Amino acid sequence: MVVGSGPGGLQTAYSLVRAGVTSCAVLSRDSAPGGMFRRWPVYQRLISWTKPDAPCEPGTREYEWYDHNSLVGDEPAHQALVRGFMDRAYDVPARHEMEAGLAAFAEHVEVRYECEWLSTSRDEHGFALETSDGEYRCKVCVFAIGVTEPWTAPIPGLEAAPHYAATRTPEQYEGKSVFIVGKRNSAFELAQGLLPWASRIVLASPRPVQTAVLAFSPLSIRYLSPYMQHVRGGSGSFVLDAAIDRVERNADGYRIRASGTTWEGEVDVEADEVIAATGFRAPVRDLPQLGVAMVGDGRLPAQTPYWESVSVPGIYFAGNVMGASAGLRKHGATSSTGSVNGFRYNARVLAHHIAETHFGLARERRQFSRDEVVPFLLGELARAPELWIQKGYLARVVETQGVCRDGGIVPLADHVDRDGGDSVAVTIEYAADGAVTPVVYVRRAGRLAEHALPTDPLHRFDTTEHRQALAALVS
Amino acid sequence: MTAPAENYVDTLSRLALFADLPHPQLEVLAHSFDEEVFAAGQRVIRQDVTGGGFYVILDGEAHVVIDGNERARLHRGDFFGEISLLTDSRPTADVIAATVLRCLIIPDTELKPFLLKQPSVMYRMLQIEARRLRAANAWDG
């Protein structure tokens, strides 16, 4: 059973059927595909790009690297669908363009719409899901339920203020002073959208804005104006590093008391409007009562590297909720799992994993001669979109015990921790200094050794130098 | 283990390591560094693999394993991973979750700036390291 018809549910279901799991039912409480993109982002513009034209053909594996919004299909007609809906006013799609791309992909996935999952129980064969359309029984559940339930931080009085999800259209904030609790995506998205309307905007949260990280973040599109206005002492935008002690409602609006975190002292701020842009939680319903352990202040289900609940085997997660599975997170680097470009690959890997471990459907694995292993892995390091987008999370493995065989794309953390025969795995990772670096993991006689290959200013990881270094490790 | 009843900031405030942090700084800690939950049997730190962080146990237990042999057991409030970060070397042990294990994680590159900004945490950490050293010497003797 797959629950959800957003990009995570669609990709998982599509890939499960392609992997041979034909007994797969997809339920959705929505009336149409698209998940959160049927509604959000509030101000209707994504931050992840799709380049309609690229140095390679749309529909190829290489093109996926230029298109961070389409789901990944096995046939050209199912590939690169978002570009066809873009009017090219921006290099990032509008919400409705993204939704149209997902709807086109959903034509290849059978979904039972308007069938809402209500509760969950275990039985001797697996799980029983109570839905608005009766009970469904299954061996394995994949919950692709998004991170869409508004979550308000436990700040006294904040519960009286509307959440990001209840934000009104920008013109309704005309001439008002607005206090936004939060300094992440949704907070800056609102601030940006309100700049032409509000008289004053204050954003506040305890953690300082990390300018070094921000400069390289796709969020820079959203961050730039309000934050730059604040930094330059511009008019009417303030970005505060402060822990908010309480929010009080009064006749004129709100009064907010906050304590500095990068400065000494306290401050009182008056505002006409307060918006809690404090994030979302996964709508997990009764899963915690079933024993599903949560993480991130109770907002997300904790998962293994293969996105299985750490505490209830047989329950898996897909879509942006997969971001709670951190992987090795070397040097603190996070993967792109929280967005479509990353989790589309995770969902495909998950589908193959479920097909193999729960349904005995082994994939056909390409065999290599010894001479082919190094060129194949170099090609992956140079061009594999899975490795480039899911840096440090997904790895390409070649088994080298006896016959050389493709081990597929797998979560690096699982590969590193698994006892197995001889193998070579390659990844693209961020080094401690932030350099994009190819890394090789060689397992020989049960022992794993990690080797970083040279970096390259143009990210050419299939040079003679790389070939020689990899050949020395593989031989 | 069920979902924790208290929130993340409250959990952090009860640990000896962070006992001297005022509330706003606890909020910064909670907003800056994520918690992660591991399945029983899952590895948290891997012998000879780079890039690990500094871990503080919020709930659950872990084993310290060297070359397959269990050397120590860690509990709520204990921390690990700092030796390889402070000495800039690869971990010399695996740390494996013995139960479902909940940890706060500070990445390797952020430990030093964090400790320099929060000397009270550094002092508490030093005290605990001193006790560990004394215990290790007592065993050796």
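Residues numbered from 1 in each chain as written. Chains lettered and ligands numbered in written order. Predicted model: local features only at pLDDT ≥ 70, side-chain atom pairs only at ≥ 80, totals over all residues.

Engineer: It is not clear to me how the overall build of chain B should be interpreted in this structure. Could you clarify?
Structural biologist: A count of helical and extended segments in chain B gives five helices and eight strands. N-terminal to C-terminal, the α/β element order of chain B is α-α-β-β-β-β-β-β-α-β-β-α-α. Here chain B has a C-alpha radius of gyration of 15 Å; the compact-globule value for 141 residues is 14 Å, and the two agree. Across the 141 residues of chain B, 35% fall into the buried class. (Helix = DSSP H or I, 4+ residues; strand = E, 2+ residues; numbered from the N terminus. Rg over C-alpha atoms; globule rule 2.2 N^0.38 Å. Buried ≥ 20, exposed ≤ 12 C-beta atoms within 10 Å, placed from the backbone.)

Engineer: For this particular structure, what's the right way to read the overall build of chain A?
Structural biologist: Looking only at helices and strands, chain A features 11 helices and 23 strands. Counting only C-alpha atoms, chain A reaches 75 × 55 × 45 Å along its principal axes. For chain A, the proportion of its 475 residues judged to be buried stands at 47%. For chain A, the proportion of contacts with a sequence separation of at least 24, taken over those separated by at least 6, is 58%. (Contact = placed C-beta atoms within 7 Å.)

Engineer: So what exactly am I meant to see when it comes to the sheet that holds strand E2 (residues 43–45) of chain B here?
Structural biologist: Sheets are built from strands paired through backbone hydrogen bonds, the pairs being either parallel or antiparallel. All names here are of chain B. Here we have four strands laid out as an open sheet, ordered E2-E7-E4-E5, and antiparallel in their pairing. Here the strands that pair on one side only, and so sit at the sheet edges, are E2 and strand E5 (69–74). If you compare each strand with its neighbour and ignore which way they point, the axes differ by 35° on average. Across two bridges, E2 lies against strand E7 (residues 94–97) in antiparallel orientation. Directly across from Ile 45, in E7, lies its bridge partner Val 95. (Pairing = 2+ DSSP bridges. Axes fitted to C-alpha atoms, helices over the stretch in contact; angles between N-to-C directions.)

Engineer: For this particular structure, what's the right way to read the pairing of strand E3 (residues 117–123) of chain A?
Structural biologist: A regular strand places its side chains on the two faces of the sheet in alternate fashion. Residues and elements named next belong to chain A. Sheet topology places E3 next to strand E4 (residues 126–131); six bridges connect them, and they run antiparallel. Along E4, the bridge assignment pairs Asp 123 with Gly 126. Remark: two residues form the turn of the hairpin made by E3 and E4, two consecutive strands paired antiparallel.

Engineer: Honestly, helix H1 (residues 7–18) of chain A in this entry has me stumped. Any pointers?
Structural biologist: Working note: α-helix, 3.6 residues per turn, so residues spaced by three or four point in the same direction. Residues and elements named next belong to chain A. Here H1 spans 16 Å end to end across 12 residues, near enough to the 16 Å set by a 1.5 Å rise per residue. When you tally the buried positions in H1, you get 10 out of 12 residues, the bulk of the element. When H1 is considered as a whole, its buried residues turn out to be Pro 7, Gly 8, Gly 9, Leu 10, Gln 11, Thr 12, Ala 13, Tyr 14, Ser 15 and Leu 16. The elements touched by buried residues of H1 are strand E1 (2–3), strand E2 (26–27), helix H2 (95–106), strand E6 (141–143) and helix H7 (340–359). (Expected span 1.5 Å × (residues − 1).)

Engineer: What's the story with the sheet that holds strand E8 (residues 177–181) of chain A in this structure? I'm lost.
Structural biologist: Taken in spatial order, the six strands of this open sheet run E12-E11-E10-E9-E8-E13 (chain A), and their pairing is mixed. Among the strands making up the open sheet, the edge pair consists of strand E12 (266–271) and strand E13 (273–276) of chain A. Between one strand and the next, the sheet's axes are offset by a mean angle of 40°, whatever the strand orientation. Here helix H2 (residues 23–32) of chain B sits on the sheet and contacts strand E9 (200–205), strand E10 (237–250) and strand E11 (253–260) of chain A; the angle it forms with E10 of chain A, its principal contact strand, is near 115°.

Engineer: I would appreciate a short explanation of the interface of chain B and chain A in the present structure.
Structural biologist: How big an interface is tends to be expressed through the accessible area that disappears when the partners come together. With 31 residues of chain B at the interface, the matching set in chain A holds 28 residues. At the level of elements, H2, strand E1 (35–38) and helix H4 (108–117) of chain B are the ones that each hand at least two residues to the side of chain B that touches chain A. Of the residues forming the side of chain B that touches chain A, the biggest block, seven residues, is contributed by H2 of chain B. Each residue belonging to the side of chain B that touches chain A can be placed in one class, and the counts come to 12 nonpolar, 11 polar and eight charged. (Nonpolar A, V, L, I, M, F, W, Y, C, P; charged D, E, K, R; others polar.)

Engineer: Explain the environment of Glu 107 of chain A here, please?
Structural biologist: Structurally, Glu 107 of chain A can be placed in the loop between H2 and E3. Counting along the chain gives 39 residues from Glu 107 of chain A to His 68 of chain A, while the straight-line C-alpha distance between them is 20 Å.

Engineer: I keep staring at the packing of H1 of chain A against H7 of chain A and nothing clicks. Help me out?
Structural biologist: Each pair of packed helices can be described by the angle between their axes along with the distance between the axes. Residues and elements named next belong to chain A. Where H1 meets H7, the axes come as close as 8 Å, and the angle between the chain directions of the two elements is 35°. Here the hand of the crossing between H1 and H7 comes out right-handed. Residue-level inspection shows Pro 7, Gly 8, Gln 11, Thr 12, Ser 15 and Leu 16 of H1 in contact with H7, the latter providing Val 340, Phe 343, Arg 344, Ala 347, Arg 348, Leu 350, Ala 351, Ile 354 and Ala 355. Class assignment for the residues of the contact of H1 with H7 results in nine nonpolar, four polar and two charged. (Left-handed = near helix turned anticlockwise from the far one by under 90°.)

Engineer: Explain the domain arrangement of chain A to me, please; I cannot follow it from the model alone.
Structural biologist: According to the domain assignment, chain A contains domain 1 (2–148 + 281–359), domain 2 (158–278) and domain 3 (367–474). One C-alpha centre belongs to domain 2 of chain A, the other to domain 3 of chain A, and the line joining them spans 44 Å. (Domains from an automatic or database assignment.)

Engineer: Please explain unusual backbone geometry as it appears in this structure.
Structural biologist: Peptide bonds are mostly trans, and most non-glycine residues show a negative phi. All names here are of chain A. In this structure, Pro 41 follows Trp 40 across a cis peptide bond, with omega equal to 0°. With respect to the element layout, Pro 41 can be found in the loop between E2 and H2. Its identity is not glycine, yet Arg 329 carries a phi of approximately 45°, on the positive side. Among the secondary structure elements, Arg 329 is positioned in the loop between strand E17 (315–317) and H7. For Arg 329, a count of 20 C-beta atoms within 10 Å gives the class buried.

Engineer: Looking at this structure, how should I read the nonpolar core?
Structural biologist: Val 3, Cys 141, Tyr 316, Ala 318 and Leu 377 of chain A together with Val 44 and Leu 101 of chain B are the most contacted members of the largest nonpolar core, which has 123 residues in total. Lining this core are residues from two domains, each supplying at least three of them: domain 1 (2–148 + 281–359) and domain 3 (367–474) of chain A. Excluding anything up to four places from it in sequence, Val 3 of chain A contacts Gly 9, Leu 27, Trp 117, Cys 141, Phe 143, Ala 144 and Ile 145 of chain A. By size, the runner-up hydrophobic cluster in this structure holds 34 residues, among which are Leu 190, Leu 240, Ala 243 and Ala 277 of chain A. (Core = buried A, V, L, I, M, F, W, Y, C linked by C-beta atoms within 7 Å.)

Engineer: Which parts of the structure should I look at to understand the pairing of E8 of chain A?
Structural biologist: Residues and elements named next belong to chain A. With four of five residues buried, E8 is to be regarded as a mostly interior element. Across five bridges, the pairing between E8 and E9 is parallel. Bridge assignment links Val 181 to a residue of E9, and that residue is Ala 204. At this point the chain moves from E8, through helix H3 (residues 185–194), to the parallel E9, and the crossover so formed is right-handed. (Right-handed = clockwise from strand over helix to strand, strands pointing away.)

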